[in-house]
Amino acid sequence: MASSAASRSDFKTINLALQGGGAHGAFTWGVLDALIEDGRLDFEAISGTSAGAMNAVVLADGFMRGGAEGARERLREFWRGVSRAAAGPAASILGPILSFWEMPRLPHLPMFPGFGRFMAPQSVNPLNLNPLRDLLEELVDFKQVRANDGLKLFIAATNVRNGKIKVFTGKEITADAIMASACLPHLFHAVEIGKEAYWDGGYSGNPALFPFFTETESGDILLVQVNPIRRDEVPTTSQAIIERVSEITFNASLLREFRAIDFVNRLIAEGRLDKTHYRANRLHRIDATAAMADHTASSKLDTSWSFFEELHASGRAAARRWLSRHYADVGVKQTLDLRAEFM
């Protein structure tokens, strides 16, 4: 799916991998907005987790309704809706619980992980209120998204009972699947689908890259990463330590996949794996580290429209820089040094 702004001969096909990160997903919105506007990339499949899953399903719905411009408009409508929901009735209900929607007016995020050790979501949010679900069901025609075979979606969640990753795809793409992918256990009840219960996919696949290996034709994966892998300062306060632990936790599964991809790529390059059965994958990345340099992990709960606009602008700028530097490399060579990331 690509914009008509480019001629068909200019198109290159890629897979998108969209990381989760709460409000920081607005950076991904900006990236997607710029990529679609540029019009030279076709998206064969999208793997998304948490906020990345929401961006993925909203983009898919928008493309089906109105092509490239429909996707751009739908994404803007979604993020605008998130900000409005946070300032609406949900604020008076969820705000007193964990200062969830009040956070933008506070100098520091309340220590909700510590609080969560004493109060389960069944106590602090007994009605399991989640305005994001209402927004998604209002904006996204899930029946049509499931019927679309032109863009594959892979949505990651974590099975609560066995700790394994679950990737929802095809006919499994429902509002429940998206909410499972974004279910932070200290805020919301586990999402039950069938006989299983699920929490946020960030614990097991943020995002999951392995579905691309067997389910798609494209060997290029463009990762939009919103959780910084590296921070130069060592945290010393309890709050800063908790926030850094959160970032490390939500990058751990991705780094493991980096190592696996690099290992297979090297074996293929050395002739130790049969190319007819294994495919080298070329990784590319648009990284939010610079955009998040002045924002702590606690800003993942900042739902103000001004913050979303700031991240959207940063995402657009990062995407344009990447296109300028690396568009010619798509289909030719990898532009992300995987070994430097995990060594």
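Please refer to the structure higher up on the page.
Overview of the structure. (Residues numbered from 1 in each chain as written. Predicted model: local features only at pLDDT ≥ 70, side-chain atom pairs only at ≥ 80, totals over all residues. Heavy atoms only, no water.)

### Structural notes on the overall build of the protein
- If you tally the helices and strands in the protein, you get twelve helices and eight strands.
- Going through the 343 residues of the protein one by one, you find that 54% of them count as buried.
- Contacts in the protein between residues at least 24 apart in sequence constitute 79% of all its contacts with a sequence separation of at least 6.
- Accessible surface, the protein as shown: approximately 15400 Å² in total, 53% of it carbon and sulfur. (Helix = DSSP H or I, 4+ residues; strand = E, 2+ residues; numbered from the N terminus. Buried < 20%, exposed > 50% of the residue type's maximum accessible area, 1.4 Å probe, protein only. Contact = heavy atoms within 4.5 Å. Areas by Shrake-Rupley, 256 points an atom, 1.4 Å probe, with all protein chains shown as cover.)

### What to know about the pattern of salt bridges
- Summed over the entire model, instances satisfying the criterion amount to 22 salt bridges.
- Linking aspartate 33 and arginine 72 is a salt bridge whose minimum nitrogen-to-oxygen distance equals 2.7 Å. Of this pair, aspartate 33 sits in helix H1 (residues 25–38) while arginine 72 is found in helix H2 (residues 51–87), placing the two residues 39 residues apart along the sequence. Just as aspartate 33 is buried, arginine 72 falls in that class too.
- For arginine 161, the salt bridge identified is with glutamate 196, shortest N-O distance 3.6 Å. Of the two residues, arginine 161 sits in the loop between strand S3 (152–159) and strand S4 (165–169) while glutamate 196 sits in strand S6 (residues 196–200), which places them 35 residues apart along the sequence. (Salt bridge = Lys/Arg side-chain N within 4 Å of Asp/Glu carboxyl O.)

### With respect to the pairing of S6
- As defined by bridge partners, S3 adjoins S6 across three bridges and the pair is classed as antiparallel. Of the residues in S6, the one forming a bridge with alanine 157 is aspartate 200.
- Taken together, the three bridges between strand S5 (residues 191–193) and S6 define a ladder with antiparallel strand orientation. The residue of S6 that forms the bridge with glutamate 192 is alanine 197.
- Connecting S5 to the next strand, S6, in antiparallel fashion are two residues, including glycine 194 with a positive phi near 65°. (Pairing = 2+ DSSP bridges.)

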